[in-house]
Amino acid sequence: MLTSVLLGGVDNALFLRVIREKWYNAPMISRQQALVFFKKYGWVVAACVLLVVATTLCAIFQSVPSFPDPDSFYHAKMAQIIRSDGIIKTFPWLQVSVIRDHYIDQHFLYHVFLVPFEMALGPLWGAKFANVVLTSLLVMVFYFMLRRYHVRFAFVYSLILLVTMPFMFRVNLVKAPAFSILFLLIGLHVIFQYRYRALFLLSFFYVWAYGGFILIVIFAGIYAFVGIAYDWVRNLQHRTFFSIIGHSRDVKLFFASLAGVIAGIIVNPYFPHNLSFYWNQLIKIGIINYQKVISVGNEWYPYKFVDLTAGTALVTVLLVVAFVLMVVNRHRLSKKVLTLFGIFLLLLVFTLKSRRYVEYYVPFAILFEAFAIHQLVGQYAWRAIGRNIVSWYSRYRVIATILIVYFAVMVPALAAKDIRGTYRDYQGGIPLTRFQKAATWLKENTQKGEIVFHSSWDEFPILFYFNSQNYYIAGLDPTFTYEYSHDLYRRMVDITIGTQTENLHDDIRGKFGASYVFVESNHRGMEQAIENDGGFAEAYRDAEATIYRVLD
């Protein structure tokens, strides 16, 4: 009846018969035409699917009204400050820190990137949305890099990247690593293409974007080292080692990157004070790391090898395959494969030393194994493997079908389990309203510039976000406080963990200059010591924290 109405009274049976005849008489697409279409446009479909999956996963993680890492509050606040005040060169919000008088924004371009999102959606949710964009873009750049070098199964490798949860957890933190990895992926492509000017410019801007900019120079250095070794072995009887170095295009890449980094350091609003900061950040924090001397963030502690291989199981399996192929075909290794192998080894060592490098380790480990397997297996070998699989399936159809069904069910199920686990980790993060009431009370009841002594250095980003009117003691990294004064660092730790029970008023007022004390509810030892001292008066209390006024 409805069809008749819509077609103006046309008989239903006649209409359906005509449609049926047209459908069955229509020319069918041949198998060959379908293969041609898929070969020509299949990458577009794969890219769209990958983009949807990446964006959906990132959006799921960012939909939670919390941050797993308190530094996210700092990044959101800095985007606000850049929009309102531009570049700042002092950081009075951290009074006992080497960055107080000479502040260097090592994530300057990342904070600039956040500004339009902050303006559109607010600081916190704007930063979350920006991270969805960044991480999705990172996955797409990874995919297109594999396609650019005609690596087979680029889509599969990209999916493996997406379901490796240690990587996804880290890059979805509202912090700068995804921004940094984008620079490195593009930089590696520029190195492979011998684009000296582009590498110089990329290295220059990488200094402004991320404090770990030295990685781009290391990547170029590894490629140069491999290139020199490659040329030396091939020309051992005809040219000297130093002659090879003098004429090497690969060495020029290294110097182009090094020159870009040096220019980025010098042509910089923070020069020359950024030199000492980068020494602290790159050497003392990034390499030496005082984890055995002071209490650093959890991300700086080692990643156990067993935990790393278990958490990146698919990556580890493919690494074993790549290693076997490298040993069997050791005389056929290209410069790209050897370079990626060197980068992989470097990042593996870094990750085993500090778990925060896992977000670098995973994508470059996958790049290495993808390039290695692609080069060392070869086009004809893949065809032989395909024929053998078809033959084996024909002979053992039942077993093969069971295995296919098993892996088709288990792999997605395990991936879904890992995704749910990561989502729960994000749910258990720091609520976006953490300390908001207490920080607002301080903002409304204290004078601008008054110092607040707080119970942990990692509380600073949250307090700073909600209340930049007051100044605080330590934050961002305890190394900054330790380098400022070993003595004040030790006193701060003793007070906050509750081991110092005497002369609290004299130290907090006299040595730290604080007018208020902020104590999180889980610091019972510190709270008890403050209450027993007699030099403090409770001014505010809620379920999250207590604020004491320091008596004159």
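Every value quoted in this text rests on a predicted model; they were computed, and no experiment measured them. Numbering of residues starts from 1 in each chain and follows the order in which that chain's sequence is written. Reporting of local features is limited, given that this is a predicted model, to residues whose pLDDT is at least 70; pairs of side-chain atoms are given and counted only at 80 or more, and all residues count toward the totals for whole chains, interfaces and linings. Computation of side-chain values: all heavy atoms of the structure, hydrogens and water removed.

Some words on helix H4 (residues 71-85)
Moving on, step 1. Numbering goes from the N terminus for both helices and strands, where a helix is a DSSP run of H or I of at least four residues and a strand is a run of E of at least two. Residue count minus one, scaled by 1.5 Å, sets the expected span of a helix. In a regular helix each residue adds 1.5 Å, so 15 residues correspond to 21 Å; H4 covers 20 Å between its end C-alpha atoms and thus fits that length.
Moving on, step 2. Counting buried residues along H4, 11 of its 15 residues qualify, which places the element largely inside the surrounding structure.
Moving on, step 3. In this scheme, a residue with accessible area under 20% of its type's maximum is buried, one over 50% is exposed, and one in between is partly exposed, where area comes from a 1.4 Å probe on protein chains only. Listing the buried residues of H4 in full gives Asp71, Ser72, Phe73, Tyr74, His75, Ala76, Lys77, Met78, Ala79, Ile81 and Ile82.
Moving on, step 4. Downstream of H4 by a residue or two, glycine 86 has a phi angle that is positive, lying close to 75 degrees.

Regarding the confidence of the model for the chain
Moving on, step 1. Values of pLDDT, which run from 0 to 100, indicate the predictor's confidence residue by residue. Of all residues in the chain, 86% have pLDDT values of 70 or greater, and the mean over the chain is 87.
Moving on, step 2. The model gives residues 1-10 a pLDDT under 50, and that stretch makes eight contacts with residues more than four places away or in other chains. The contact definition used throughout considers only heavy atoms, calling two residues in contact when any of these lie within 4.5 Å.

A look at the sheet that holds strand E4 (residues 514-520)
One key point about sheets: their strands pair by backbone hydrogen bonds, in either a parallel or an antiparallel sense.
Moving on, step 1. Taking strand neighbours across the sheet as the criterion, the four strands line up as E3-E4-E6-E5 in an open arrangement whose pairing is mixed. One side of each edge strand has no neighbouring strand; the edge strands of this open sheet are strand E3 (451-454) and strand E5 (536-541). In this sheet, neighbouring strand axes are inclined to one another by 30 degrees on average, regardless of whether the strands run parallel or antiparallel.
Moving on, step 2. In the sheet, E5 pairs with strand E6 (residues 545-550) via five bridges, with the strands oriented antiparallel. Of the residues in E6, the one forming a bridge with arginine 541 is threonine 546. Strands pair, by our definition, only if DSSP identifies at least two bridges between them. Each axis is a line fitted through C-alpha atoms, and for a helix only the stretch in contact is used; angles between axes span 0 to 180 degrees, taken between their N-to-C directions.

Observations concerning the nonpolar core
Moving on, step 1. Membership of the largest hydrophobic core comes to 173 residues, with the highest contact counts inside it found for Phe91, Phe364, Leu367, Phe453 and Val517.
Moving on, step 2. For this core, the element with the highest residue contribution is helix H18 (residues 358-377), accounting for 15 residues. Take the buried Ala, Val, Leu, Ile, Met, Phe, Trp, Tyr and Cys residues and link them wherever side-chain atoms come within 4.5 Å; each set so joined is a nonpolar core.

Quick word on the pattern of salt bridges
Moving on, step 1. Salt bridge, as used here: a side-chain nitrogen of Lys or Arg that lies within 4 Å of a carboxyl oxygen of Asp or Glu. The full count for this structure, using the stated rule, is 14 salt bridges.
Moving on, step 2. A salt bridge links lysine 175 to aspartate 71; the shortest N-O distance between them is 3.8 Å. Here aspartate 71 lies in helix H4 and lysine 175 lies in the loop between helix H8 (165-171) and helix H9 (177-192), a separation of 104 residues in the sequence. Just as lysine 175 is buried, aspartate 71 falls in that class too.
Moving on, step 3. Residue arginine 170 pairs with glutamate 359 through a salt bridge whose shortest N-O separation is 3.0 Å. Here arginine 170 is found in helix H8, whereas its partner glutamate 359 is found in helix H18, with 189 residues between them in sequence.
Moving on, step 4. Given the relative accessible area of 8%, arginine 170 is considered buried.
Moving on, step 5. By relative accessible area, glutamate 359 is classed as buried at 0%.
Moving on, step 6. A single network of salt bridges, built from pairs that share partners, joins Arg524, Glu527, Glu531, Glu538 and Arg541.

Quick notes on empty space enclosed by the protein
Moving on, step 1. Here a cavity denotes a set of grid points, spaced 1 Å apart and computed over the protein atoms alone, in which a 1.4 Å probe fits but from which it cannot get out, and a pocket denotes an open set meeting protein on both sides within 12 Å along at least five of seven lines; residues with an atom within 4 Å of a point are reported as lining. Grid points are joined across faces, edges and corners, and a volume is the space filled by probe spheres set on the points. Throughout the structure, instances matching the rule amount to one cavity of 30 Å³ or more.
Moving on, step 2. The computed volume of the largest cavity comes to approximately 50 Å³.
Moving on, step 3. Taken together, Asp105, Phe108, Val207, Trp208, Asn268, Pro269, Tyr270 and Tyr278 make up the lining of the largest cavity.
Moving on, step 4. Taken together, the residues of the lining of the largest cavity break down into six nonpolar, one polar and one charged. Following the grouping adopted for this structure description, the nonpolar residues are Ala, Val, Leu, Ile, Met, Phe, Trp, Tyr, Cys and Pro, the charged ones are Asp, Glu, Lys and Arg, and the polar ones are all others, Gly among them.

Points about a nonpolar patch on the surface
Moving on, step 1. Residues Tyr396, Ile399, Leu403, Val405, Tyr406, Phe407, Val409, Met410, Val411 and Leu414 make up a contiguous nonpolar surface patch of about 900 Å² in total accessible area.
Moving on, step 2. Its location among the elements puts valine 405 in helix H20 (residues 397-427).
Moving on, step 3. Note on valine 405: relative accessible area 47%, which makes it partly exposed. Nonpolar side chains (Val, Leu, Ile, Met, Phe, Trp, Tyr) within 5 Å and like charges within 9 Å form the patches, drawn only from residues with over 30% relative accessible area and no salt bridge. To measure how exposed things are, a 1.4 Å probe is used in the Shrake-Rupley method; for residues, cover is taken only from the protein chains shown.

So, the packing of helix H6 (residues 123-148) against H18
Moving on, step 1. Where H6 contacts H18, the axes come no closer than 11 Å and their chain directions differ by 20 degrees. Here H6 lies roughly parallel to H18, going by the angle between them. Of the two elements, H6 crosses H18, and the hand of that crossing is right-handed. From H6, Phe142, Met145 and Leu146 reach across to H18, where they touch Pro363, Ile366, Leu367, Ala370 and Phe371. Under this scheme an angle from 65 to 115 degrees is roughly perpendicular, one under 35 degrees roughly parallel, and one over 145 degrees roughly antiparallel; angles in between are oblique. Crossings are assigned a handedness: left-handed for a near helix turned anticlockwise from the far helix by less than a right angle, right-handed for a clockwise turn.

Focus: the packing of aromatic side chains
Moving on, step 1. Working definition: rings of Phe, Tyr and Trp (its six-membered ring) pair if their centres are within 6.5 Å, and the pair is stacked with planes under 30 degrees apart, edge-to-face with planes over 60 apart, and tilted otherwise. As enumerated under the stated definition, the model contains 50 aromatic pairs in all.
Moving on, step 2. Taking 6.4 Å as the distance between ring centres and 35 degrees as the angle between the ring planes, the aromatic pair formed by tyrosine 74 and phenylalanine 464 counts as tilted. On the criterion of sequence distance, the pair formed by tyrosine 74 in helix H4 and phenylalanine 464 in helix H22 (residues 460-466) is long-range, its members being 390 residues apart.
Moving on, step 3. Residue phenylalanine 464 is classed as buried on the basis of its relative accessible area of 0%.
Moving on, step 4. Ring geometry for phenylalanine 453 against phenylalanine 512: centres 5.1 Å apart, planes inclined by 75 degrees, an arrangement best described as edge-to-face. On the criterion of sequence distance, the pair formed by phenylalanine 453 in strand E3 and phenylalanine 512 in the loop between helix H25 (504-511) and E4 is long-range, its members being 59 residues apart.
Moving on, step 5. Phenylalanine 453 gets classed as buried once you look at its relative accessible area, which sits at 0%.

What about the environment of threonine 56?
Moving on, step 1. Topologically, threonine 56 is positioned in helix H3 (residues 31-62).
Moving on, step 2. On the basis of relative accessibility, which here comes to 40%, the residue threonine 56 falls in the partly exposed class.
Moving on, step 3. With 80 residues separating them along the chain, threonine 56 and serine 136 place their C-alpha atoms 9.1 Å apart.

Considering the pairing of E6
Moving on, step 1. Of all six residues in E6, five are buried; the element is thus mostly enclosed.
Moving on, step 2. Direction of pairing for E4 relative to E6: antiparallel, over a ladder of five bridges. Its bridge partner being in E6, valine 519 is matched across the sheet by threonine 546.
Moving on, step 3. Hairpin connection between E5 and E6: a loop of three residues separates the two successive antiparallel strands.

As for the packing of H6 against helix H7 (residues 154-163)
Moving on, step 1. The interhelical angle for the contact between H6 and H7, taken along N-to-C directions, is 150 degrees, at an axis separation of 9 Å. With respect to their mutual orientation, H6 and H7 come out roughly antiparallel. Relative to H7, H6 is oriented so that their crossing is right-handed. For the pair formed by H6 and H7, the contact residues are Val139, Phe142, Tyr143, Leu146 and Arg147 on the first element and Ala154, Phe155, Tyr157, Ser158, Leu161 and Leu162 on the second.
Moving on, step 2. Residues belonging to the contact of H6 with H7 are distributed by class as follows: nine nonpolar, one polar and one charged.

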